Amino acid sequence: MVNFFFVQNSMDDDNFDGLKVLFNDPEINVGDLGESIPVNFTGMKPITLKIPNVERKNSLLFAHHVWKASVLVSKTLLEIGNLKGLDILELGSGSGLPSIIASNLGGTVTASDYPDEDLIKMLELNLKSNTTSSYSVMSHIWGDRAKDCLFPSAMPYKQFDIILMADTLWMKDQHENLLNDLKLLLKPSGRVIGCAGLHSGKSTFQEFFQTAESETFGFKCLYCQPYRIPSVVGLAENEIWEQVGPSEIIPDTVYDRQWFLFNYVLEFSNKLDLEI
C-alpha cells in the first residue's frame with residue numbers, strides 16, 4: 001500500500017474541503033476562462049494553451065485553469081523521451097498539455113474530456129496549434145460506455161500503452177468510474193502515469209489507491225513520489241520541482257497539503273514491456 005509520509009493531525013480529513021485552498025499560495029493552477037497561457041520546456045518548441053470558456057453549468061469541471069499537475073505529468077513524459085509506436089490516452093485532458101507533450105514525443109495520442117462543447121473545441125485547437133503529429137480528440141464521461149467514442153459497439157475496445165491522468169482523483173464518487181475505464185482501456189503490459197494534488201485530501205488519495213489495488217480492479221502502484229510545488233508565479237521554464245525524501249514527513253494540515261503533488265504509476269502485472 002502507498003505510503004504518503006504523513007504525520008497525523010486532529011483534523012477530520014473526511015470533512016476537508018479542498019476548494020478552500022485552490023486559489024492561495026502556492027499557485028497550483030494558472031490562468032482563467034479564455035486566457036492564453038505560454039508554456040516552455042527546455043528543448044521543446046514553445047506551447048500556447050488556450051483555456052476554454054466552459055459552460056457555467058460545467059464550471060465544476062475545473063477545466064478553466066492549467067493545473068500544475070499537468071506540468072509534472074508532462075515533465076515525466078519528457079524524462080521518458082521517445083514515445084514512438086505507443087498508443088496514449090489522456091483522461092480529463094482539460095487544455096491538453098500532457099497530450100501535446102506526448103504527441104510531440106512521437107506518441108499516437110487520444111485526448112479526452114467531458115462533452116462540454118467549448119472544452120472539446122479548445123482541446124482540439126490546442127492540439128492542432130501545438131503538435132505536428134497525428135492525434136484524436138474525443139468526448140468522454142468517465143465510466144460511461146453508452147454512445148461513447150472510446151467504447152465503440154464493435155469489440156474489442158482499443159487499448160492503450162499509456163493512460164495519462166493529471167489531477168483527476170479529487171472526486172471520490174468518480175474513482176470507480178475512472179478505474180473501470182483504466183481496466184478496460186489499458187493494455188495488459190501498459191501503465192497509468194498520473195499526478196494528483198494533495199489539496200484533494202489524504203483520505204481521497206488513500207481510498208483511490210485502496211480501490212485500485214482491490215481484487216475488483218487488480219492494479220499495483222509501482223511508483224508514488226511526492227513533490228513540492230515551486231513557489232513561483234505562472235509556469236516558469238526552469239522551475240525546480242523538489243522531491244520529498246522517504247524520511248521526510250508531510251504535516252497533515254489543510255495549509256501544508258496544498259504545497260504537494262504526487263506523481264504515481266499504476267500497472268496490472270509484472271509483464272513490463274515498457275521502460276519508464
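Scroll up a little and you will see the structure.
Residues numbered from 1 in each chain as written. Predicted model: local features only at pLDDT ≥ 70, side-chain atom pairs only at ≥ 80, totals over all residues. Heavy atoms only, no water.

## A word on the overall build of the chain
Broken down by element type, the chain carries 6 helices and 14 strands. Burial statistics for the chain: of 276 residues in total, 53% are counted as buried. Counting contacts in the chain only where the partners sit at least 6 residues apart, residues at least 24 apart contribute 74% of the total. Here the chain displays about 12600 Å² of accessible surface, and carbon together with sulfur accounts for 50% of that area. (Helix = DSSP H or I, 4+ residues; strand = E, 2+ residues; numbered from the N terminus. Buried < 20%, exposed > 50% of the residue type's maximum accessible area, 1.4 Å probe, protein only. Contact = heavy atoms within 4.5 Å. Areas by Shrake-Rupley, 256 points an atom, 1.4 Å probe, with all protein chains shown as cover.)

## Comments concerning helix α2 (residues 97-104)
When you tally the buried positions in α2, you get 7 out of 8 residues, the bulk of the element. Within the sequence span of α2, burial applies to Leu97, Pro98, Ser99, Ile100, Ile101, Ala102 and Ser103. Two residues or fewer past α2, Gly106 is found with a positive phi of approximately 105°.

## Looking at helix α3 (residues 117-130)
If you check α3, its first and last C-alpha atoms are 20 Å apart, about what 14 residues at 1.5 Å a residue would give, namely 20 Å. For α3, every residue scored as buried is listed here: Leu119, Ile120, Met122, Leu123, Asn126, Leu127 and Asn130. Buried residues of α3 fall within an arc of 165° about the axis and therefore sit on the same side. Those residues of α3 that are exposed and aimed more than 90 degrees away from the buried face are Glu117, Lys121 and Lys128. Elements that come into contact with the buried residues of α3 comprise β4 (47-50), α2, β7 (108-113) and β8 (135-139). Sitting at the amino-terminal end of α3 is Asp116, which places a side-chain oxygen 3.1 Å from the backbone nitrogen of Asp118. (Expected span 1.5 Å × (residues − 1). Arc of directions from axis to C-beta. Polar contact = N/O pair within 3.5 Å; in protein donor to acceptor, adjacent residues only side chain to side chain.)

## Some remarks on the pattern of salt bridges
All told, the structure shown has 8 salt bridges when counted by the stated rule. Note that Arg191 is salt-bridged to Glu267, the shortest N-O span being 3.8 Å. Separated by 76 residues along the polypeptide, Arg191 in strand β10 (residues 186-197) and Glu267 in strand β14 (residues 260-267) bring together distant segments of the chain. Taken individually, Arg191 and Glu267 each receive the classification buried, so the pair is uniform in this respect. (Salt bridge = Lys/Arg side-chain N within 4 Å of Asp/Glu carboxyl O.)

## Considerations on the packing of aromatic side chains
What the rule picks out here adds up to 5 aromatic pairs. Both rings, one in Phe209 and one in Tyr264, keep their centres 5.4 Å apart while their planes meet at 90°; by these two values the pair is edge-to-face. With Phe209 in helix α5 (residues 202-212) and Tyr264 in strand β14, this residue pair connects regions lying 55 residues apart in the sequence. Taking the relative accessible area as the measure of exposure, Tyr264 reaches 1% and is therefore buried. Relative to Phe268, the ring of Phe219 has its centre 4.6 Å away and its plane inclined at 20°; by these criteria the two rings are stacked. (Phe/Tyr/Trp six-rings, centres within 6.5 Å; stacked < 30°, edge-to-face > 60°.)

## Some details on the packing of helix α1 (residues 68-80) against α2
Closest axis-to-axis distance for the α1/α2 pair is 8 Å, and the angle between their directions is 15°. On the basis of their axis angle, the class for α1 and α2 is roughly parallel. Between α1 and α2 lies a crossing of right-handed hand. Only Leu97, Pro98, Ile101 and Ala102 of α2 make contact with α1, whose side of the interface consists of Ser70, Val71, Val73, Ser74, Leu77 and Leu78. (Axes fitted to C-alpha atoms, helices over the stretch in contact; angles between N-to-C directions. Parallel < 35°, antiparallel > 145°, perpendicular 65-115°, else oblique. Left-handed = near helix turned anticlockwise from the far one by under 90°.)

## Describing the sheet that holds β7
Read from one edge of the open sheet, 8 strands run β8-β7-β6-β9-β10-β14-β11-β12, paired in mixed fashion. The two strands at the open ends of the sheet, each matched to only one other strand, are β8 and β12 (242-243). In the sheet, β7 pairs with β8 via 5 bridges, with the strands oriented parallel. When the sheet's bridge partners are listed, Thr110 is paired in β8 with Ser136. Relative to β8, α3 is tilted by about 170°, and along the sheet it contacts β7 and β8. Across the sheet, helix α4 (residues 175-185) lies against β6 (87-91), β9 (160-166), β10 and β14, angled at about 150° from β10, the strand it touches most. (Pairing = 2+ DSSP bridges.)

## Brief notes about the side chain of Asp113
With respect to the secondary-structure elements, Asp113 resides in strand β7. By relative accessible area, which is 10% here, Asp113 ends up buried. Within the structure, the side chain of Asp113 is placed 2.6 Å from the backbone nitrogen of Gly94, a separation counted as a polar contact. With residues near it in sequence (within four places) discarded, Asp113 still touches Gly92, Ser93, Gly94, Leu119, Ile120, Leu123, Met138, Ser139 and His140.

## Things to note about the nonpolar core
Leu77, Leu83, Ile88, Leu97 and Leu164 are the most contacted members of the largest nonpolar core, which has 36 residues in total. At the level of secondary structure, the elements contributing two or more residues to this core comprise β3 (36-39), β4, α1, α2, β7, α3, β9 and β10. By residue number, the principal contributor to this core is α1, which donates 5 residues. Excluding residues that lie within four positions of it along the chain, Leu97 makes contacts with Val39, Phe41, Ile47, Leu49, Ser70, Val71 and Ser74. Counting 32 residues, the second largest nonpolar core, distinct from the first, contains Leu89, Ile163, Phe208 and Val244. (Core = buried A, V, L, I, M, F, W, Y, C linked by side-chain atoms within 4.5 Å.)

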